[in-house]
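One-letter residues, chain by chain:
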Amino acid sequence: MPHHRGRPTVKPPAPHPPTAFAAADLGATSGRVVVGRIGRDSLDLTETHRFDNTPAQLADGLHWNALGLHQGVLDGLREAAARWDVASVGIDSWAVDYGLLDADGALIGNPFHYRDPRGAAAVEDVWRRVPARDLYRITGLQHLPFNTVFQLAAEKNLDRARTLLLIPDLLTHWLTGTVGTEATNASTTGLYDARTGNWSTPILAALGLDPAVLAPLRRPGDHAGTVLPHVAATTGLRPDTPLVAVASHDTASAVAAVPATTADFAYISCGTWSLVGLELDEPVLTDASRAANFTNELGIDNTVRYLRNVMGLWLLSESQRTWRARGRRHQLPELLERAAAARPFAALVNPDAPEFLAPGDMPARLAEHCARTGQHLPPDDQGAVVRCILESLALAHRHTLRRAVELTGRPVRTVHLVGGGSRNELLCQFTADATGLPVVAGPTEATAIGNILVQARTHGLVADRRAMRRLVARTQHLKRYEPSGDTRAWDSAAARVGLD
């Protein structure tokens, strides 16, 4: 019988190995470098280095240690390059703060910290030059006394400055030698026109600021140069490794990583601050929006992050710091257990009260605030203090979301809570109970993920914003919290602190 050969075996193509991207993610208390490896249906993160970001109080005010941040980024990139072939690097950080460079490109002093009070002292001077209504009509920016526009009005070194760079752009400059300002961060300064998408010539003229000091704008995904030879030698990165201008405002990166599958969502990027809001296509520049103190900041793809800053878990972290200094080193899980067992709504505050902004003895400040409002909060009762903070923060989340819906007419059916606060199960449940909406918690590493996804999209590995979010939803741990309990109790509590 004739011999029939079998059909030749065809081997499937070998899967393409995941591509590695390095994200330098700088927060108000710490920085880190995270490597994200992205494949067809995978997104894995590895933190290569974490370092403290501790401000320094000097005679002239509170400052950041910019050179320490730079060194921390270099150390993290060295660890990343030792383990992976890094395709590109992106940097994100908090907003509003900046460094000034002189004619030789040298840094003029350490950048001021946004919690330094100098900006608040300059607010009235700025408003005399550009009335608050006009400032909002142009910039759409929430009034915060530390916005860059107010800091610059108090700046004593402008006459020596040739270039102003926001923190992520300053670090990008030190890595690449290039000069530029990424737009999502520019939109937080009070110098950016929310409608034209450029620096505001009328505001600069009114304040007497030289437009040449402001660097040209970059958009998320733009090429921001390649690493300098000494950076490549120091870190082990390939000499042609590019830096990508990601959404360099950390909240913009976090919102890019919100795992929403429909458009009717709200987000809370919860960490030191809670950034509470909606994603829109156009800014809302009405007087009602200004009166409610909502901001219109830029997101990826020219979206608008319509939100309010709420004084987030800063109150809890400062309380923990105070207790640790007194030898009471209880970990957060134990504190949350104590808070869960404490009496509901025994004491409440408005988290945005100005006395909570600066570093200090937060339990004592909370107790003093409560005493002034006829409430009792023992500052050494850790369970009561933590419950007060978390219930008050949930009420602030509820109030802000409801105002956002009123001001935009945009319905919300799901709240996505991302960032470090997504690990705080009690806060997530309180937020669901207070808002009456399901809360989807996670990813915790939203900021780093958003940074990495913008890089991946630039390299053609992710198609668009929807694909980015679908990948996050498929690959990251998420937990859903359904509303429970008596909504009338939350209504009553909100009325007590003026958050109804």
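Residues numbered from 1 in each chain as written. Predicted model: local features only at pLDDT ≥ 70, side-chain atom pairs only at ≥ 80, totals over all residues. Heavy atoms only, no water.

A. Representation of the overall build of the protein within the structure. Each helix and strand counted, the protein has 19 helices and 19 strands in total. Taking 23 Å as the expected radius of gyration for a compact globule of 500 residues, we find that the protein reaches 24 Å, a close match to that expectation. Its C-alpha atoms give the protein principal-axis dimensions of roughly 100 × 70 × 50 Å. Scored against the burial criterion, the 500 residues of the protein give a buried share of 58%. About 20,900 Å² of surface is accessible on the protein, with carbon and sulfur atoms providing 52% of the total. Taking the average place of the 51 positive charges on the side chains of the protein and the average place of its 52 negative ones, the gap between the two points comes to 5 Å. (Helix = DSSP H or I, 4+ residues; strand = E, 2+ residues; numbered from the N terminus. Rg over C-alpha atoms; globule rule 2.2 N^0.38 Å. Buried < 20%, exposed > 50% of the residue type's maximum accessible area, 1.4 Å probe, protein only. Areas by Shrake-Rupley, 256 points an atom, 1.4 Å probe, with all protein chains shown as cover. Lys, Arg positive; Asp, Glu negative; His and termini not counted. Charge placed at Lys NZ, Arg CZ, Asp CG, Glu CD.)

B. Examining the nonpolar core more closely. The biggest cluster of nonpolar side chains holds 139 residues, and the ones touching the most others in it are Leu366, Leu390 and Leu453. If one sorts the elements of this core by residue count, helix α15 (residues 382-408) sits on top with 13 residues. (Core = buried A, V, L, I, M, F, W, Y, C linked by side-chain atoms within 4.5 Å.)

C. Fine view of α15. Here α15 spans 39 Å end to end across 27 residues, near enough to the 39 Å set by a 1.5 Å rise per residue. In terms of burial, α15 is a largely internal element, 21 of the 27 residues being buried. Following α15 by one or two positions, Gly409 has its phi on the positive side, about 70°. (Expected span 1.5 Å × (residues − 1).)

D. View of the confidence of the model for the protein. When pLDDT is averaged along the protein, the result is 95, and 97% of the positions lie at 70 or above. Below a pLDDT of 50 lies the segment residues 1-15, which in the model reaches 0 contacts outside its immediate sequence neighbourhood of four places, other chains included. (pLDDT = per-residue confidence, 0-100. Contact = heavy atoms within 4.5 Å.)

E. Region of interest: unusual backbone geometry. The omega torsion across Gly442 and Pro443 is 5°, close enough to zero to call that bond cis. Its place among the elements puts Pro443 in the loop between β18 (439-441) and α17 (446-458). Although it is not a glycine, Asn302 adopts a positive phi angle of roughly 60°. Mapped onto the fold, Asn302 is located in the loop between β15 (295-298) and β16 (304-310). Overall, the relative accessible area of 54% leaves Asn302 in the exposed class.

F. The packing of aromatic side chains, seen in detail. In total, this model carries 8 aromatic pairs according to the counting rule given. On the numbers, 6.5 Å between centres and 85° between planes, the contact of Trp127 with Phe150 is edge-to-face. Placement of the pair is Trp127 in helix α3 (residues 123-129) and Phe150 in helix α5 (residues 148-153), with a sequence separation of 23 residues. Aromatic ring contacts, followed pair by pair, group Trp64, Trp94, Tyr114, Phe146 and Trp273 into a single cluster. One cation-aromatic arrangement involves Arg115 over Trp314; the distance from NZ or CZ to the ring centre is 3.8 Å. Just above the ring of Phe112 sits the side chain of Arg118; from NZ or CZ to the centre is 3.8 Å. (Phe/Tyr/Trp six-rings, centres within 6.5 Å; stacked < 30°, edge-to-face > 60°. Lys NZ or Arg CZ within 6 Å of the ring centre and 35° of its normal.)

G. Region of interest: the pairing of strand β14 (residues 274-280). Of all 7 residues making up β14, 7 are buried, and the element is well covered by its neighbours. Where strand β13 (residues 265-270) meets β14, 4 bridges bridge the pair, whose relative direction is antiparallel. Within β14, the position partnered with Tyr267 by the bridge is Gly277. Between β13 and β14, which follow one another and run antiparallel, lie 3 residues. Here 7 bridges tie β14 to β16, and the two strands are oriented antiparallel to one another. From the neighbouring strand, Gly277 faces β16, where its bridge partner is Leu307. (Pairing = 2+ DSSP bridges.)

H. Up close: the sheet that holds β18. As summarised here, the arrangement of the 7 strands in space is β15-β16-β14-β13-β17-β18-β19, forming an open sheet in which the pairing is mixed. The open sheet has two edge strands with one neighbour each: β15 and β19 (479-481). For this sheet, the mean angle separating the axes of adjacent strands, direction not counted, is 30°. Its contacts with the sheet put α15 on β13, β14, β16 and β17 (414-418), and the angle it makes with β14 is roughly 20°. (Axes fitted to C-alpha atoms, helices over the stretch in contact; angles between N-to-C directions.)

I. Fine view of the side chain of Ser30. Inspection of the secondary structure puts Ser30 in strand β2 (residues 30-39). On the accessibility criterion, Ser30 (17% relative accessible area) is buried. Polar contacts involving the side chain of Ser30 include one to the side chain of Arg50, which spans 3.0 Å. Residues contacting Ser30, with those up to four places away along its chain left out, are Asp25, Arg50, Phe51, Asp52 and Asn53. (Polar contact = N/O pair within 3.5 Å; in protein donor to acceptor, adjacent residues only side chain to side chain.)

J. Up close: the pattern of salt bridges. Inspection of every chain in the model, using the stated rule, returns 31 salt bridges. A salt bridge links Asp85 to Arg238; the shortest N-O distance between them is 2.8 Å. With Asp85 in the loop between α1 (66-83) and β6 (86-92) and Arg238 in the loop between α9 (229-235) and β12 (242-245), the pair connects residues that are 153 residues apart, well separated along the chain. Under the relative-accessibility criterion, Asp85 is labelled exposed at 55%. Where Asp352 meets Arg308, a salt bridge forms, and the shortest distance between an N and an O atom there is 3.9 Å. Of this pair, Asp352 sits in the loop between α13 (332-341) and α14 (362-372) while Arg308 sits in strand β16, placing them 44 residues apart in sequence. You can call Asp352 partly exposed: its relative accessible area is 28%. (Salt bridge = Lys/Arg side-chain N within 4 Å of Asp/Glu carboxyl O.)

K. Spotlight on the environment of Asn65. Along the chain, the position of Asn65 falls in the loop between β5 (61-63) and α1. It is 27 Å that separates the C-alpha atoms of Asn65 and Val255, two residues lying 190 residues apart in sequence.

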